[in-house]
Amino acid sequence: MMLTQRQLQDDDWQQFKSFCREYIGPSHNNNRAFNEHWFKTGRENGWNAQVLVDSNGDIRGVTMYILVNAKFGDEILPLAWSSTTVLRNFEQEKGAGARLYLWIYRRFPLVGAMSGNKNSLPISATLGQEIPGVKMNRFIRVHDPEKASGLCLPENRNVVLDIDWGHNGDDGGLTTNWLDLPPDDYDGLWKRFRKTVFFSVERDRSHMVWRYVDAPFISYKFLEMREHSGTLKALAVIRFQPTPVGEVWRIMEFIADDDMAAQGWSSIAKNASARGVVFSDFMVIGSRQDEYLREAGFILSNDVNRLDALPNLLSPPEHRHWSNTIHFGGNMAKKDQRWRSPDGVYFTKGDSDRDWPTMYDLKRMGIEP
Amino acid sequence: MQTNRDDIHLALREFLEEHSPGSTATLSDSDSLFDNGILDSLGIVALVVFIEDHFGIILEQEDLGEESLSSLSAIANTVEIKLKNGKSAK
């Protein structure tokens with residue numbers, strides 16, 4: 001049957017919802033407010049989703065992408081994060097998904113695919129490139145080893161207990177404040193930070209508000225860190241996650257001046273310890289923060305220390321392993337390869353769709369998935 | 001690039017054999033690549049990247065329909081037309 005590809009339209013909503021419910025199952029995709037926030041940013045004059053429809057107008061396949069601005073060298077360019085793609089079984093067999101993927105990779109100068117699953121990863125690797133040796137790193141700082149061990153599977157509890165977690169480092173006298181919004185002078189800090197990386201999401205104040213204030217379902221807090229003069233030196237975005245043994249901090253963003261970055265991480269660690277947090281973690285692509293994190297006692301999870309025993313998503317019992325991959329395609333990513341260096345990029349778990357609510361989150365919030 | 005129809009068929013066959021080893025020995029030019037399980041979404045993506053790199057052409061979205069990719073002959077036709085029309089990508 002002949003299929004036509006077009007942008008998702010408002011009139012498609014009920015059918016789109018039924019399609020998602022049938023082929024994705026109960027999920028955030030069944031909530032219109034959620035989809036409008038992520039896939040209707042207005043930058044494309046409508047939905048950032050493409051559908052394949054048959055001659056009866058029935059949806060046979062969908063691909064969704066998140067459109068943000070990216071800092072790429074000296075330019076600001078559209079970056080499309082490839083998100084969910086799903087097709088009816090028949091169309092899947094006929095390779096219709098390839099059309100949808102190829103459309104995105106041709107339409108936008110930069111296309112990103114983060115932590116793909118076993119189905120999407122080979123396609124992302126064919127259409128995009130990775131940075132040799134670079135994956136999403138997860139740095140972990142355990143503040144209460146005894147409680148943290150309670151989050152691990154029984155056979156993995158010693159993974160946390162056997163490590164000397166040391167001290168929180170020197171916070172350099174930074175003063176900290178919790179905020180519901182990014183501070184008014186944040187863009188000055190971002191402008192200084194963005195000069196240090198070649199390729200990143202354009203994390204200006206408007207992006208931060210869209211991503212961490214306006215996004216539905218999950219709440220985030222901003223931790224500002226200032227020196228005595230009052231100058232903003234660092235800003236973190238943190239998601240507080242409750243667990244049966246206490247609160248966990250997922251650090252989504254960290255923007256800091258290089259001269260106070262280690263102290264910024266130390267400030268976060270001290271705040272977390274003082275508040276009785278079980279552990280905090282930060283997932284990042286790009287090496288610029290590595291040494292600063294280590295100075296504050298954060299440890300990179302790897303195959304040797306097996307710190308991934310501490311669950312990523314904390315949806316009990318959630319011990320899922322991610323692929324932790326990152327691939328970028330699109331004409332500009334192909335044309336200008338300067339982004340392919342470990343210290344040239346800066347992406348976090350806050351990018352793409354990696355921090356969306358799980359089924360556990362939705363149920364806990366009383367939201368019908 | 002000077003490429004005749006035989007060259008196109010040969011290059012496509014070599015790609016398909018590499019992508020799906022053992023699948024092309026008895027495959028006729030008109031056999032369905034989908035029904036024979038030779039191409040899926042990943043296969044199409046890889047095929048498109050191969051065609052564009054190898055022949056120096058750009059396949060447009062309208063070239064990626066089920067019919068255009070249904071058989072070795074259909075794909076070769078698309079490539080041949082693109083080459084004749086001089087739609088060079090490089």
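Residues numbered from 1 in each chain as written. Chains lettered and ligands numbered in written order. Predicted model: local features only at pLDDT ≥ 70, side-chain atom pairs only at ≥ 80, totals over all residues. Heavy atoms only, no water.

## Concerning the overall build of chain B
Then, number 1: When helices and strands are counted, chain B shows 3 helices and 0 strands.
Then, number 2: Going from N to C terminus, chain B has its helices and strands arranged as α-α-α.
Then, number 3: Rg of the C-alpha trace for chain B: 12 Å, near the compact-globule value of 12 Å for 90 residues, within the 12% margin.
Then, number 4: Taken along its principal axes, the extent of the C-alpha atoms in chain B is 30 × 25 × 20 Å.
Then, number 5: Evaluated residue by residue, chain B yields a buried proportion of 48% over its 90 residues.
Then, number 6: On chain B, the mean spot of the 6 positive side-chain charges and the mean spot of the 17 negative ones are 8 Å from each other. (Helix = DSSP H or I, 4+ residues; strand = E, 2+ residues; numbered from the N terminus. Rg over C-alpha atoms; globule rule 2.2 N^0.38 Å. Buried < 20%, exposed > 50% of the residue type's maximum accessible area, 1.4 Å probe, protein only. Lys, Arg positive; Asp, Glu negative; His and termini not counted. Charge placed at Lys NZ, Arg CZ, Asp CG, Glu CD.)

## Overview of empty space enclosed by the protein
Where empty space is left can be seen by rolling a probe of water-molecule size over the atoms.
All names here are of chain A.
Then, number 1: Going through the model one piece at a time under the given rule, you end up with 3 cavities of 30 Å³ or more.
Then, number 2: Approximately 40 Å³ is the volume attributed to the largest cavity.
Then, number 3: If you go around the largest cavity, the residues you meet are Phe 34, Trp 38, Arg 211, Ala 215, Pro 216, Ile 218, Tyr 220, Asp 355, Trp 356 and Pro 357.
Then, number 4: Residue composition of the lining of the largest cavity, grouped by class: 8 nonpolar, no polar and 2 charged. (1 Å grid on protein atoms, 1.4 Å probe; cavity = no way out; pocket = protein on both sides within 12 Å on 5 of 7 lines; lining within 4 Å. Points joined across faces, edges and corners; volume = space filled by probe spheres on them. Nonpolar A, V, L, I, M, F, W, Y, C, P; charged D, E, K, R; others polar.)

## What to know about the environment of Pro242(A)
Then, number 1: Here Pro242(A) shows up in strand 10 (residues 232-243).
Then, number 2: Residues Pro242(A) and Gly188(A), 54 residues apart in the sequence, show an inter-C-alpha distance of 33 Å.

## Some details on the side chain of Arg99(A)
Then, number 1: Along the chain, Arg99(A) turns up in helix 4 (residues 96-107).
Then, number 2: There is no salt bridge for the buried Arg99(A), and the closest opposite charge comes from Glu66(B), which lies 7.4 Å off by N-O distance.
Then, number 3: Among all residues touching Arg99(A), those that are not within four sequence positions of it are Leu3(A), Gln5(A), Leu52(A), Gln61(B), Leu64(B) and Gly65(B). (Salt bridge = Lys/Arg side-chain N within 4 Å of Asp/Glu carboxyl O. Contact = heavy atoms within 4.5 Å.)

## As for the packing of helix 4 of chain A against helix 2 (residues 41-55) of chain B
Then, number 1: Across the interface, helix 4 of chain A lies against helix 2 of chain B with an axial gap of 7 Å and an inter-helix angle of 45°. Between helix 4 of chain A and helix 2 of chain B, the angle is such that the two are oblique. Of the two possible hands of crossing, helix 4 of chain A and helix 2 of chain B adopt the one that is right-handed. Between helix 4 of chain A, through Ala96(A), Gly97(A), Ala98(A), Leu102(A) and Arg106(A), and helix 2 of chain B, the contact on the second element is made entirely by Ser41(B), Ile44(B), Val45(B), Val48(B) and Glu52(B). (Axes fitted to C-alpha atoms, helices over the stretch in contact; angles between N-to-C directions. Parallel < 35°, antiparallel > 145°, perpendicular 65-115°, else oblique. Left-handed = near helix turned anticlockwise from the far one by under 90°.)

## Examining helix 2 of chain B
Residues three or four positions apart in an α-helix share a direction because the helix packs 3.6 residues into each turn.
Residues and elements named next belong to chain B.
Then, number 1: A rise of 1.5 Å per residue sets the reference length of helix 2, with its 15 residues, at 21 Å; its end C-alpha atoms lie 21 Å apart and thus fit the reference within 8%.
Then, number 2: Listing the buried residues of helix 2 in full gives Ser 41, Gly 43, Ile 44, Val 45, Ala 46, Leu 47, Val 48, Ile 51, Glu 52 and Phe 55.
Then, number 3: Residue Asp 40 occupies the N-cap position of helix 2, its side-chain oxygen lying 3.3 Å from the main-chain nitrogen of Leu 42.
Then, number 4: Two residues or fewer after helix 2 comes Gly 56, characterised by a positive phi angle close to 65°. (Expected span 1.5 Å × (residues − 1). Polar contact = N/O pair within 3.5 Å; in protein donor to acceptor, adjacent residues only side chain to side chain.)

## Description of the pairing of strand 9 (residues 221-226) of chain A
Residue and element names in this part refer to chain A.
Then, number 1: In terms of burial, strand 9 is largely enclosed, as 5 of its 6 residues are buried.
Then, number 2: As paired elements, strand 7 (residues 175-179) and strand 9 share 5 bridges and run antiparallel to each other. By the bridge assignment for strand 9, Asn 177 is matched with Glu 224.
Then, number 3: Once strand 9 ends, the chain turns through 5 residues before running back antiparallel as strand 10, passing Gly 230 with a positive phi of about 100°. (Pairing = 2+ DSSP bridges.)

## So, the interface of chain B and chain A
Then, number 1: Contacts between the two partners involve 19 residues from chain B, matched on the other side by 17 residues from chain A.
Then, number 2: Taken as a group, Ser41(B), Val45(B) and Gln61(B) account for 38% of the area that chain B buries against chain A, more than any other trio of residues on that side.
Then, number 3: On inspection of chain B and its partner chain A, the count reaches 1 salt bridge.
Then, number 4: Across the pair Arg106(A) and Glu52(B) runs a salt bridge whose closest N-O atoms are separated by 2.7 Å.
Then, number 5: The tally of links from chain B across to chain A stands at 6 residue pairs in polar contact (both at pLDDT 80 or more).
Then, number 6: Residues of the side of chain B that touches chain A, tallied by class, amount to 11 nonpolar, 3 polar and 5 charged. (Buried area = accessible area lost by both parts, 1.4 Å probe.)

Treat this as a map of the structure, not an account of what it does.
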